[in-house]
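# Descriptive analysis of the structure
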Amino acid sequence: MTRLTGRSAFLRLLIEEGVTHLFGNPGTTELPIMEVVPDYPQLKFILGLHESVVVGMADGYARASNRLTAANVHVAPGLGNAMGALYNARFSGSPIILTAGQQEQGHGLLEPLLYAPLVPVAQPFVKWAVEVTRAEDLPLVMRRAAKVALTPPTGPVFISLPGDVLEEEAELELGAATRVNARMRPSDAALAELAARLLAGKNPVILAGHELGVHDAFAEAAALAELLGAGVFHQTVPYAAQFPSEHPACLGALTRNQKAVRAALEPFDLLVCLGADLLRMSVYSPIDPLPPGMPVIHVSEREWELGKNHPTEIAIQANVKETLAALLPLLRAQRNAGAAAQAAQRLAALAPRNWSAQQGRARLAALEAAEETPIDPRFLMLRIAEALPREAVIVEEALTSSLTLPALVPQRDPKSYFGLASGGLGFAMPGAVGAALALPGRPVTAVVGDGSALYGIQALWTAAHLKLPITYVIANNRSYRILKERLVSMRKSDRFVGMDLRDPDIDFVAMARSMGVAARRVVDPQDVAPALREAMRQGGPQLVEVMVADGFGDRR
Ligand SMILES: Cc1ncc(C[n+]2csc(CCOP(=O)(O)OP(=O)(O)O)c2C)c(N)n1
Ligand SMILES: [Mg+2]
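Residues numbered from 1 in each chain as written. Chains lettered and ligands numbered in written order. Predicted model: local features only at pLDDT ≥ 70, side-chain atom pairs only at ≥ 80, totals over all residues. Heavy atoms only, no water.

Helix and strand counts for the chain stand at 22 helices and 20 strands. For the chain, the C-alpha radius of gyration of 24 Å lies close to 24 Å, the compact-globule estimate for 556 residues. Along the three orthogonal principal directions, the C-alpha set of the chain runs to about 70 × 65 × 45 Å. Put simply, the chain has 556 residues, and 59% of those count as buried. Of the contacts formed within the chain by residues at least 6 apart in sequence, a portion of 78% connects residues at least 24 apart. Accessible surface, the chain as shown: approximately 22000 Å² in total, 55% of it carbon and sulfur. The average position of the 52 basic charges and that of the 56 acidic charges among the side chains of the chain differ by 6 Å. (Helix = DSSP H or I, 4+ residues; strand = E, 2+ residues; numbered from the N terminus. Rg over C-alpha atoms; globule rule 2.2 N^0.38 Å. Buried < 20%, exposed > 50% of the residue type's maximum accessible area, 1.4 Å probe, protein only. Contact = heavy atoms within 4.5 Å. Areas by Shrake-Rupley, 256 points an atom, 1.4 Å probe, with all protein chains shown as cover. Lys, Arg positive; Asp, Glu negative; His and termini not counted. Charge placed at Lys NZ, Arg CZ, Asp CG, Glu CD.)

What follows is the structure in structure tokens.
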């Protein structure tokens, strides 16, 4: 037993659970915590200047490290500000313990400023939400929160910390961490059935998901693709990297367009979904993205995803790496010479349309637009791809401007790419900070649209404060171009209201400099490459604002 205040117990328990960074934005209700932060140098406090940025940084850190991450925000308004980022973290399954200071119990009843019950606010977006009512419960609550966040399906949890609990002294037994080993592999019978079904497919295709990246299973997935002679699509949502793009079986990413996805899948007779979301879409369409009657095999540790929207012939709740490790020897043993020859033939036939072939075409298209001013975003993406060092980490949220980026920059390793999660904007600016903290030694390049950047622009200050090796490339088309495009294509109107970021124009260079980030603006296509090279050479946080075409003749 140790006699401790609630505030010290809170920090000690975070540290004992392996947390190294506490992302936060403090207020009066968090002062007890801030007071003791200096007592625990093992836990680095990372200040974010808005709660969406705080949770966005934590999300980036969690995605890039797959480790338990902590974030603290300020009572009801702070939690409210964080909800969009929390929604993102829920999609990406980030194991975050989100806490908020709360008005003292009883005092809250008087409805003071800043008070509202916090648990019901956080609840819909987290795996578990609870308010601590006695300091003596902190060990149990914190240990359980860590366990819940880290057990697949991983995801954020929320704890409300009333002031009186943080002040209270109690005799505490801090206990010890529990880690649930959820690296389950299927039963022998299930593996045998799976192997037989896979070998019965005449023309299978694989849908690769982020669980392959999270569990470091690129090699196993590649071996499966080779054994089956199956092409591999990246899943529709790029929470994290999914499959090495340069592998000859890689066919690039499926879009979130139902009609296009269905057409892409139609030629195949079996869809093998590995640690992926089965065709998560965005905008409504009456068309089902899965071709009618297409048989599906789905392996995921996220039980909820299995058979969620589509009947699934074989649905297996298991760890994808363990499953593949057990499955591959069976397939090797059972596959006959005829099947092996057919697989090799299918694989060879993918060459003209695999990722590498697509990259060649994307490169040519980008080069054809090389002279255009304003700069064609495809040309910008090509120049970014060329400038990136091999070990670079991409954080991406540039919508229309970055459409071609996944075709130009290969996913090489599980930490090489972090993109859109829930559709909610505001991840990339702070996410890059979290990724840079989680992956020391790896330069981070954040490719961000002008609109998207403004949902998390304060992250620039944290990047400057911590001198992080991040290059922010802002694709500035002075608009919400995607909304304009959709108004035209979906509603046949070009009366653009609320989609232009002009008059006054936004000066990202001045904004970056005001927060301590060196910045330059590029207008001429031939200046793109030198500006990117120079920014990346500097090492510290840098911003390159690139004026790109708005797609509508830059009319005002
Ligand atoms: C939090 C949040 N608010 C609003 C939106 C709606 N939205 C989707 S795309 C978009 C425009 C993004 O602009 P930008 O980053 O400049 O990319 P562009 O469309 O110009 O390529 C907006 C406002 C959203 N997805 N998330
Ligand atoms: Mg824009």
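We are not done yet, so read on.
Our focus in this paragraph is the site of ligand 1. Around ligand 1, the surrounding shell holds 18 residues, and the nearest of these are Thr 400, Asp 450, Gly 451, Ser 452 and Ile 482. Relative to its unbound accessible surface of 590 Å², ligand 1 loses 77% to contact with the protein. Contributions of two or more residues to the shell around ligand 1 are made by α18 (450-453) and α20 (481-491). Residues belonging to the shell around ligand 1 are distributed by class as follows: seven nonpolar, nine polar and two charged. (Near = heavy atom within 4 Å. Nonpolar A, V, L, I, M, F, W, Y, C, P; charged D, E, K, R; others polar.)

Between two packed helices, the angle of one axis relative to the other and the distance separating the axes together describe the packing. The N-to-C vectors of helix α3 (residues 51-65) and helix α17 (residues 428-438) enclose an angle of 40°; their axes lie 6 Å apart at closest approach. As far as their axial angle goes, α17 and α3 are oblique. Our pair here, α3 against α17, has a crossing hand that is right-handed. Contacts between α3 and α17 involve Ser 52, Val 53, Gly 56, Met 57, Gly 60, Tyr 61, Ala 64 and Ser 65 from the first element and Pro 430, Gly 431, Val 433, Gly 434, Ala 435, Leu 437 and Ala 438 from the second. Here the residues of the contact of α3 with α17 sort into nine nonpolar, six polar and no charged. (Axes fitted to C-alpha atoms, helices over the stretch in contact; angles between N-to-C directions. Parallel < 35°, antiparallel > 145°, perpendicular 65-115°, else oblique. Left-handed = near helix turned anticlockwise from the far one by under 90°.)

On to the sheet that holds strand β20 (residues 542-547), then. Taking strand neighbours across the sheet as the criterion, the six strands line up as β16-β15-β17-β18-β20-β19 in an open arrangement whose pairing is parallel. The sheet is open, and its two edges are formed by β16 (417-418) and β19 (518-522), each paired on a single side. Bridge analysis of strand β18 (residues 470-476) against β20 gives six bridges, and the strand direction is parallel. The partner of Ala 475 across the bridge, within β20, is Val 546. Sitting on the sheet, α17 touches β15 (393-397), β17 (444-449) and β18, and the angle it makes with β18 is about 165°. (Pairing = 2+ DSSP bridges.)

As a further point, take the coordination of the magnesium ion (ligand 2). Those donors, Asp 450 (OD), Asn 477 (OD1) and Ser 479 (O), are the protein atoms that reach the magnesium ion (ligand 2), and they lie 2.0 to 2.1 Å from it. The sequence pattern describing where the donors of the magnesium ion (ligand 2) fall on their chain is D-x26-N-x1-S. Judged on exposure class, the residue Asn 477 and its partner Ser 479 are both buried. (Donors = N, O, S within 2.8 Å, 3.2 Å for Na, K, Ca; no water.)

Quick look at the pairing of strand β8 (residues 169-172) now. For a regular strand, side-chain orientation follows a simple rule: the groups alternate between the two sheet faces. Because side chains alternate across β8, one face comprises the buried residues Ala 170 and Leu 172, and the other comprises Glu 169 and Glu 171, none of which is buried. Sheet analysis places strand β1 (residues 2-5) next to β8, joined by four bridges and oriented antiparallel. Each bridged residue has a counterpart across the sheet, and for Thr 5 the counterpart in β8 is Glu 169.

Burial analysis of α17 places eleven of its eleven residues in the buried class, the great majority of the element. Three or more residues of α17 are buried, namely Ala 428, Met 429, Pro 430, Gly 431, Ala 432, Val 433, Gly 434, Ala 435, Ala 436, Leu 437 and Ala 438.

So, on to the sheet that holds strand β6 (residues 129-131). Paired through their backbone hydrogen bonds, the strands of a sheet run either parallel or antiparallel. One open sheet accounts for six strands, arranged β3-β2-β4-β5-β7-β6; its pairing is parallel. Looking along the sheet, the strands with just one partner apiece sit at the ends: β3 (44-47) and β6. Going from strand to strand, the sheet's axes swing by 20° on average, the running direction of each strand aside. Taken together, the four bridges between strand β2 (residues 21-24) and β3 define a ladder with parallel strand orientation.

Let us now look at the packing of helix α14 (residues 355-368) against helix α15 (residues 377-387). It is at 8 Å that the axes of α14 and α15 come closest, and there the two elements cross at 120°. What the angle tells us is that α14 and α15 run oblique. In terms of crossing hand, the pair formed by α14 and α15 is left-handed. In contact with Arg 363, Ala 365, Ala 366 and Leu 367 of α14, α15 contributes Arg 378, Phe 379 and Leu 382. Split into classes, the residues belonging to the contact of α14 with α15 amount to five nonpolar, no polar and two charged.

Further remarks concern the packing of aromatic side chains. The full count for this structure, using the stated rule, is five aromatic pairs. Between the aromatic rings of Phe 233 and Phe 268, the centroid separation amounts to 6.4 Å while the plane-to-plane angle is 85°, which identifies the pairing as edge-to-face. One end of the pair, Phe 233, is in strand β10 (residues 231-234); the other, Phe 268, is in the loop between α11 (258-265) and β12 (270-274), and 35 residues separate them in sequence. Summarising the aromatic geometry, the rings of Phe 496 and Phe 552 are spaced 5.0 Å apart at their centres and angled 70° between planes, so their arrangement reads as edge-to-face. Taken together, the residues span a long stretch of sequence, with Phe 496 in the loop between α20 and α21 (508-514) and Phe 552 in the segment after β20 at a distance of 56 residues. Residue class for Phe 496 comes out buried when judged on its relative accessible area of 16%. Aromatic rings pair up to connect Tyr 87, Phe 91 and Phe 125 into one cluster. Positioned above the aromatic ring of Phe 427, the side-chain terminus of Arg 63 is 3.7 Å from the ring centre. (Phe/Tyr/Trp six-rings, centres within 6.5 Å; stacked < 30°, edge-to-face > 60°. Lys NZ or Arg CZ within 6 Å of the ring centre and 35° of its normal.)

All right, on to the layout of surface pockets then. Considering only enclosed or pocket space, the second largest pocket measures out at about 1000 Å³ in volume. Together, 39 residues line the second largest pocket, and Gly 93, Pro 153, Thr 154, Gly 155 and Arg 302 are the ones closest to its centre. A breakdown of the residues in the lining of the second largest pocket according to their chemical character gives 15 nonpolar, eleven polar and 13 charged. (1 Å grid on protein atoms, 1.4 Å probe; cavity = no way out; pocket = protein on both sides within 12 Å on 5 of 7 lines; lining within 4 Å. Points joined across faces, edges and corners; volume = space filled by probe spheres on them.)

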